[in-house]
Amino acid sequence: MTTHETEVEPTTTYRLDIGGMSCTSCAARIEKKLNRLDGVEATVNYATEKATVHAHHAVDPDELVQTVEKTGYTAQVHDPHAGHEGHAAHGGLHSAESMRKRLIVATILTLPVLAISMVPGLQFTGWPWVALALTTPVVLWCAYPFHWSAVLNLRHGAATMDTLISMGVTAAYAWSLVQLWIGVTGHGVEHGHYYFETAAAVTTFILAGHYLEATAKGRSSAALRALMDLGAKQVTLLRDGREVEVPIEQLHAGDTFVVRPGEKIATDGDVVDGASAVDESMLTGESVPIDVATGDTVTGATVNQSGRLVVRATAVGQDTQLAQMARLVEEAQEGKAEVQRLADRISAWFVPGVIAISAVTLLVWLLVAPGIGAFEAAVAVLIIACPCALGLATPTALMVGTGRGAQLGILIKGPQVLESTRAIDTIVLDKTGTITTGTMTVAHVDPAPGVDVDELHRLAASVEAASEHPVARAITALAEPLPVTAFRNHAGQGVEGTVDGHVVRAGRPGWIGAEDRPDRTGTVIAVSRDGEVLGTITVADRVKESSREAVADLRRLGLEPILLTGDNERVATAVAAEVGIDRVHAEVTPQDKLDVVRDLRDQGRVVAMVGDGVNDAAALAGADLGIAMGTGTDVAIAASDLTLVHGDLATAVTAVELSRATLRTIKGNLFWAFAYNVAAIPLAALGFLSPMIAGFAMAASSVFVVTNSLRLRRFGH
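Residues numbered from 1 in each chain as written. Predicted model: local features only at pLDDT ≥ 70, side-chain atom pairs only at ≥ 80, totals over all residues. Heavy atoms only, no water.

## Some thoughts on helix 21 (residues 569-579)
(1) Moving on: Those residues of helix 21 not exposed but buried are Val 571, Ala 572, Ala 574, Val 575, Ala 576 and Val 579.
(2) Moving on: Taken together, the buried residues of helix 21 touch helix 16 (431-435), strand 16 (436-447), strand 21 (532-543), helix 20 (547-556), strand 22 (560-564) and strand 23 (583-585).
(3) Moving on: Sitting at the amino-terminal end of helix 21 is Asn 568, which places a side-chain oxygen 3.1 Å from the backbone nitrogen of Arg 570.
(4) Moving on: Positioned one or two residues after helix 21, Gly 580 has a phi angle of 90 degrees, which is positive. (Buried < 20%, exposed > 50% of the residue type's maximum accessible area, 1.4 Å probe, protein only. Helix = DSSP H or I, 4+ residues; strand = E, 2+ residues; numbered from the N terminus. Contact = heavy atoms within 4.5 Å. Polar contact = N/O pair within 3.5 Å; in protein donor to acceptor, adjacent residues only side chain to side chain.)

## Points about the sheet that holds strand 3 (residues 50-55)
(1) Moving on: Spatial strand order, 2-3-1-4: 4 strands in an open sheet with antiparallel pairing. The strands lining the two open edges of the sheet, one partner per strand, are strand 2 (40-45) and strand 4 (74-77). Adjacent strand axes in the sheet meet at a mean angle of 25 degrees when their direction is disregarded.
(2) Moving on: One ladder, built from 6 bridges, connects strand 2 with strand 3; its direction is antiparallel. Paired with Thr 43 across the bridge in strand 3 is Thr 52.
(3) Moving on: Sheet strands touched by helix 2 (residues 61-70): strand 1 (12-19), strand 3 and strand 4. Its angle to strand 4, the strand with the most contacts, is close to 165 degrees. (Pairing = 2+ DSSP bridges. Axes fitted to C-alpha atoms, helices over the stretch in contact; angles between N-to-C directions.)

## A look at the sheet that holds strand 11 (residues 297-298)
(1) Moving on: With antiparallel pairing, the 6 strands of this open sheet are ordered in space as 6-5-7-13-8-11. Bordering the open sheet on either side are strand 6 (242-247) and strand 11, each of which pairs with just one other strand.

## Topic: the packing of aromatic side chains
(1) Moving on: One pass over the structure, following the stated rule, counts 4 aromatic pairs.
(2) Moving on: On the numbers, 6.0 Å between centres and 10 degrees between planes, the contact of Tyr 194 with Phe 196 is stacked. For the pair shown, Tyr 194 and Phe 196 are each scored as buried.
(3) Moving on: Members of the aromatic cluster, joined through ring pairs, are Trp 127, Tyr 173, Tyr 194 and Phe 196.
(4) Moving on: Taking NZ or CZ as reference, Arg 102 lies 4.6 Å from the ring centre of Trp 141, over its face. (Phe/Tyr/Trp six-rings, centres within 6.5 Å; stacked < 30°, edge-to-face > 60°. Lys NZ or Arg CZ within 6 Å of the ring centre and 35° of its normal.)

## Points about the UniProt feature "transmembrane region" (unreviewed entry) in the protein
(1) Moving on: UniProt records the feature "transmembrane region" (unreviewed entry) for residues 103-123, 129-152, 164-182, 194-212, 346-368, 374-394, 669-686 and 692-710 in the present numbering.
(2) Moving on: Overall, residues 129-152 shows 96% helix and 0% strand. The separation of its end C-alpha atoms is 32 Å.
(3) Moving on: With 100% helix and 0% strand, the stretch residues 164-182 has end C-alpha atoms that lie 26 Å from each other. (UniProt positions renumbered as here; feature names shortened; annotations may be inferred.)

## A word on the pairing of strand 13 (residues 309-315)
(1) Moving on: The element strand 13 is extensively covered by neighbouring structure, given that 5 of its 7 residues are classed as buried.
(2) Moving on: Relative to strand 13, strand 7 (residues 256-259) runs antiparallel, the two being bridged by 4 bridges. In the sheet register, Val 259 faces strand 13, and the bridge partner there is Leu 309.
(3) Moving on: Bridge count between strand 8 (residues 268-273) and strand 13: 5 bridges; the pairing is antiparallel. Residue Asp 273 lies in a different strand from strand 13, and its bridge partner there is Val 310.

## What about the confidence of the model for the protein?
(1) Moving on: On average, residues of the protein score 80 in pLDDT, and 82% of them are at 70 or above.
(2) Moving on: With pLDDT under 50 throughout, residues 1-8 is counted as low confidence; its partners more than four residues away or in other chains account for 0 contacts.
(3) Moving on: Scored below 50 in pLDDT, residues 336-340 shows 19 contacts in the model against residues more than four places distant or in partner chains. (pLDDT = per-residue confidence, 0-100.)

## Describing the pattern of salt bridges
(1) Moving on: Applying the stated criterion to the full structure yields 17 salt bridges.
(2) Moving on: We note a salt bridge from Arg 529 to Glu 455, for which the minimum N-O separation is 3.1 Å. You can see Arg 529 sitting in strand 20 (residues 523-529) and its partner Glu 455 sitting in helix 17 (residues 453-464), a full 74 residues away along the chain.
(3) Moving on: Exposure remark for Arg 529: the relative accessible area of 24% places this residue in the partly exposed category.
(4) Moving on: In this structure, the salt-bridge partner of Asp 624 is Arg 601, at a minimum N-O distance of 3.1 Å. Remark: Arg 601 occurs in helix 22 (residues 590-602) and Asp 624 occurs in the loop between helix 23 (617-622) and strand 25 (625-629); sequence separation between them is 23 residues.
(5) Moving on: Counted as one network, the salt bridges with shared partners bring together Glu 243, Arg 260, Glu 263 and Arg 308. (Salt bridge = Lys/Arg side-chain N within 4 Å of Asp/Glu carboxyl O.)

## Re unusual backbone geometry
(1) Moving on: Located in the positive-phi region is Asp 530, a residue other than glycine, with phi close to 50 degrees.
(2) Moving on: Mapped onto the elements, Asp 530 comes out in the loop between strand 20 and strand 21.
(3) Moving on: The class for Asp 530 is partly exposed, based on a relative accessible area of 47%.

## Some points on the pairing of strand 20
(1) Moving on: Most of strand 20 is tucked away, with 5 of its 7 residues classed as buried.
(2) Moving on: Examined bridge by bridge, strand 19 (residues 502-507) and strand 20 share 4 bridges and lie antiparallel to one another. By the bridge assignment for strand 20, Ala 506 is matched with Val 527.
(3) Moving on: As paired strands, strand 20 and strand 21 are joined by 7 bridges and run antiparallel to one another. Residue pairing across strands places Ala 526 opposite Thr 536, the latter belonging to strand 21.
(4) Moving on: Between strand 20 and strand 21, which pair antiparallel one after the other, the connecting turn spans 2 residues, and Asp 530 there sits at a positive phi close to 50 degrees.

## Description of helix 6 (residues 144-155)
(1) Moving on: In this model, helix 6 (12 residues) spans 17 Å end to end at C-alpha, consistent with the 16 Å of a helix rising 1.5 Å per residue.
(2) Moving on: Gly 157 sits one or two positions beyond helix 6 and adopts a positive phi of about 70 degrees. (Expected span 1.5 Å × (residues − 1).)

## Concerning a nonpolar patch on the surface
(1) Moving on: Residues Val 360, Leu 363, Val 364, Leu 367 and Val 368 make up a contiguous nonpolar surface patch of about 520 Å² in total accessible area.
(2) Moving on: Of note, Val 364 is situated in helix 12 (residues 342-368). (Patch = residues over 30% accessible without salt bridge, like charges linked within 9 Å, V, L, I, M, F, W, Y side chains within 5 Å. Areas by Shrake-Rupley, 256 points an atom, 1.4 Å probe, with all protein chains shown as cover.)

## Focus: the packing of helix 20 against helix 25 (residues 649-685)
(1) Moving on: Relative orientation of the contacting elements helix 20 and helix 25 amounts to 25 degrees, with a least axis distance of 7 Å. Relative to helix 25, the element helix 20 is oriented roughly parallel. The interaxial crossing formed by helix 20 with helix 25 has left-handed handedness. Contact with helix 20, carried on its side by Ser 547, Ala 550, Val 551, Asp 553, Leu 554 and Arg 556, involves Leu 649, Ala 650, Val 653 and Glu 657 of helix 25 and no other residues of that element.
(2) Moving on: Its residues assigned to classes, the contact of helix 20 with helix 25 comprises 6 nonpolar, 1 polar and 3 charged. (Parallel < 35°, antiparallel > 145°, perpendicular 65-115°, else oblique. Left-handed = near helix turned anticlockwise from the far one by under 90°. Nonpolar A, V, L, I, M, F, W, Y, C, P; charged D, E, K, R; others polar.)

## Some words on the nonpolar core
(1) Moving on: Membership of the largest hydrophobic core comes to 43 residues, with the highest contact counts inside it found for Leu 429, Ile 435, Ile 581, Leu 642 and Leu 649.
(2) Moving on: Looking at which element gives the most residues to this core, the answer is helix 25, with 9 residues.
(3) Moving on: Excluding its chain neighbours within four sequence positions, the residues that come into contact with Ile 581 are Leu 429, Ile 435, Val 551, Arg 555, Pro 561, Ile 562, Leu 563 and Ala 576.
(4) Moving on: Grouped together as the second largest cluster of nonpolar side chains are 29 residues, Ala 106, Ala 131, Tyr 195 and Phe 196 included. (Core = buried A, V, L, I, M, F, W, Y, C linked by side-chain atoms within 4.5 Å.)

## A closer look at the side chain of Ser 117
(1) Moving on: Looking at the secondary structure, you find Ser 117 in helix 4 (residues 96-118).
(2) Moving on: Look past the residues within four positions of Ser 117 in its chain and what remains in contact with it is Gln 123, Trp 127 and Glu 197.

## Topic: the environment of Ala 684
(1) Moving on: Its place among the elements puts Ala 684 in helix 25.
(2) Moving on: Given a relative accessible area of 0%, Ala 684 falls into the buried group.
(3) Moving on: Here the alpha-carbon distance between Ala 684 and Ala 377, two residues 307 residues apart in the chain, equals 5.9 Å.
(4) Moving on: In contact with Ala 684, other than residues within four places in its own chain, are Ala 377, Ala 380, Val 381, Ile 384 and Leu 689.

Right, dumping it as structure tokens:
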């Protein structure tokens, strides 16, 4: 019998930068179009403005770009070297820069329109013409992205908040033009009912909200830029026995280069000469350096702390661990759940409903009582439903909430962060720098029988004073060092020197000749004088005073804490027990951390991740809510959604509570904005509300939303 193996065609992955999306329905539309192509599986992320396309056979990337462009948006094949600036440039109408310019112009022109329209004492002969002149650019240019989006959605038979914004602004502006024309033909322009301020104010408020969101989305690639900035910019090559400093771009696999103490290691490689302690905290998150010698491997962007190293490059550019970490962060960001604005979700039924009611109102009035009253009632329906309060609901609560957060040492990056906190049930905590201080200190000292503890302190501090190792720095702080001669550093073992004529050693217990008893919580250093063991000093990364209480408070909020660390199982278990955490994942790599977060999410958990190091960046980006310690690295901060300025885990509790309070305020604002519409629309349709009263009612709802948002200023009092 003959068997035939089925060949599986390789899958090619393309990534596109998408421009022009204004809401999640845009992303869904593009995704649908791409998935109609033969052999293509596509996902479009509105938050990161990227499409990931898996093709099961050869596909021309230009065809993918053209498909997106035919849908009405812009696209380009993603260039990992271009940075966010190149992407932002093609973001079009809905980019942060476009929104910023339109918001500035709208604000400058709207303020005088509001003043002369709403303060009778400021009105003068012909003031409506001034209001018209100021409002026209706001309606036509500043609000153009909403008009464009409304037309685009209409072409595809869809309606979003942009549709209602466009219709409401246009209706208020058009009605005011009609009133102005009627005034000119016989009633005097000062006596009409004008809504220029409504058209201008709605545009300005909505632009403010969109600008905040666009700015928050623009930070999505900051983590990648910060990661790549960690790499060395220059490298010292060994050429024909001479040291030559060149730009990092001239380094190739197989080249040999020199790393002096204090310098970053240029790229991944093997040590061919020298010994040193290397700070790998950017990779592992752990504060204790790793001792390396000839034959060991080192990682690019880690820091050489003591000796001179000669390294042969084994990987450069996109093949390094640093580049792989950057890819992890980028993939994690794109794997996040798409942001869905509450207003957009409700608008799926609200917008078509308002349009239908307005049309029916016009038709019924024309049949029952033809005349100007029919148009007044129809326009009143659109104005009463015009989303001024809806436009204020999110940005005002966000601005007050983020302002209060800043006062409390919490930086919130955008509205999507608030949605992420709704259902958080699991919080993953990094150990070093999050639960612990991240700096080595002496935990306890055990002198041998008959040995004076002060003498042990002085001798240990004296020989360790010449070392740059963090463990050495912790011991040096115990006492004033004495003069040392004949100092030697034994890589991976310890140090020795002559103090007052005696040979003093400090290092691994086995090297000293002491009993090697591992300590559960730290690193044990034995000290000897002329071969006699004087005792041991245990150095550890101390748990922060606030951590245990913070973990208890997180449980009170309904969150299960999980400890995640690159440190060894022994130390991790001890720290977890001290702060009251039951689940521990130890000795994990950055990839492992991301995998743990993904596994938890696959189990249906909604996960928050708290970390402070480069090694946490991918997990922070991959979690539903990433929380970075402000005392940590720029990469971690850039990859997170929330930043805790003071680096205190207790602030994470406050951050979750504030985020939930802000989201509750937004929900309340949206509920009352819609409830007011539901109650007022029938009155407007029946003719009980003129457009002028409708405009006043709309303004009153906006005042309520702002007042409700301002309550957040009292949070924490």
